[in-house]
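These are the residues of each chain, in order.
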Amino acid sequence: MDDRERRWMQLMQAALAGDRPSYERLLREIAPAIRSVVERRLRQMGAPTAESEDVVQETLLAVHLKRHTWRPSDPLGPWLRTIARNKLIDHLRRRGRRVEVLVEDFAELLAAPEERPSTEADDVERHLALLPDKQRSVIRSIAVEGASVGETAERMNMTPGAVRVALHRAFASLSARLKADE
């Protein structure tokens with residue numbers, strides 16, 4: 001057991017005995033440690049680290065509400081990590097398997113050059129025919145038929161995130177093909 005763990009255990013024991021300054025010090029010390037763990041896990045899962053503060057606050061609230069469940073004979077770190085892990089899982093479940101993509105990241109891909117003449121229907125069909133079936137269906141549904149991502153996902157039995165990924169890949173493929181044709 002390291003010095004930090006011992007200190008945290010002593011602070012929590014004092015806090016449970018009613019020592020408010022010890023409890024405040026404990027919260028100040030554990031918050032950055034929890035934040036670091038949560039940010040690392042969010043990064044590993046491909047979720048925005050900007051959401052970490054919500055998880056940290058939920059974890060600190062849970063620590064406050066459940067502090068009476070900590071056993072003074074056990075190290076505090078694993079108890080804290082378990083609470084943080086559970087709060088992170090809850091957060092990710094509420095968030096869903098949503099992939100957030102900024103439109104700005106694809107501005108050059110989505111924007112058609114102004115000097116380019118309008119594309120003929122035959123050209124569109126020719127390029128669409130070169131796409132894999134799923135990408136072609138997604139792009140037809142959204143770009144040609146005007147369906148929403150949600151409607152396309154439902155119709156194709158896909159998640160909205162999978163539809164967005166297929167749409168992005170289709171646009172990227174079409175963009176590369178169009179640039180090669182120029």
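Small disclaimer: the values here were computed from a predicted structure and weren't measured. (Residues numbered from 1 in each chain as written. Predicted model: local features only at pLDDT ≥ 70, side-chain atom pairs only at ≥ 80, totals over all residues. Heavy atoms only, no water.)

Caption draft 1: Representation of the overall build of the chain within the structure. When you go through the chain residue by residue, the secondary structure sums to nine helices and zero strands. Listed by position from the N terminus, the elements making up the chain come as α-α-α-α-α-α-α-α-α. Across the 182 residues of the chain, 30% fall into the buried class. Pairs at least 24 apart in sequence give 58% of the contacts found in the chain among residues at least 6 apart. In the form shown here, the chain has an accessible surface area of approximately 12,000 Å², with 52% of it arising from carbon and sulfur atoms. (Helix = DSSP H or I, 4+ residues; strand = E, 2+ residues; numbered from the N terminus. Buried < 20%, exposed > 50% of the residue type's maximum accessible area, 1.4 Å probe, protein only. Contact = heavy atoms within 4.5 Å. Areas by Shrake-Rupley, 256 points an atom, 1.4 Å probe, with all protein chains shown as cover.)

Caption draft 2: Highlighting the packing of helix α1 (residues 3-16) against helix α2 (residues 20-44). α2 packs onto α1 with a crossing angle of 140° between their chain directions and a minimal axis gap of 8 Å. Accordingly, the angle class assigned to the pair α1 and α2 is oblique. In this structure, the crossing between α1 and α2 has a hand that is left-handed. Each of Arg4, Arg7, Trp8, Leu11, Met12, Ala14 and Ala15 in α1 lies in contact with α2, whose residues at this interface are Ser22, Tyr23, Arg25, Leu26, Glu29, Ile30 and Ala33. Grouping the amino acids of the contact of α1 with α2 by side-chain chemistry returns nine nonpolar, one polar and four charged. (Axes fitted to C-alpha atoms, helices over the stretch in contact; angles between N-to-C directions. Parallel < 35°, antiparallel > 145°, perpendicular 65-115°, else oblique. Left-handed = near helix turned anticlockwise from the far one by under 90°. Nonpolar A, V, L, I, M, F, W, Y, C, P; charged D, E, K, R; others polar.)

Caption draft 3: Just the pattern of salt bridges, in detail. Here the structure, examined in full by the defined rule, presents eight salt bridges. The partner of Arg7 in a salt bridge is Glu29, with the nearest N and O atoms 2.8 Å apart. With Arg7 in helix α1 and Glu29 in helix α2, this pair connects stretches of sequence that are 22 residues apart. Linking Arg25 and Glu29 is a salt bridge whose minimum nitrogen-to-oxygen distance equals 3.0 Å. (Salt bridge = Lys/Arg side-chain N within 4 Å of Asp/Glu carboxyl O.)

Caption draft 4: The arrangement of the packing of aromatic side chains in detail. Summed over the entire model, instances satisfying the criterion amount to zero aromatic pairs. A cation over a ring is seen here: Arg67 above Tyr23, with NZ or CZ 5.2 Å from the ring centre. (Phe/Tyr/Trp six-rings, centres within 6.5 Å; stacked < 30°, edge-to-face > 60°. Lys NZ or Arg CZ within 6 Å of the ring centre and 35° of its normal.)

Shape is all these values report; function is a separate question.
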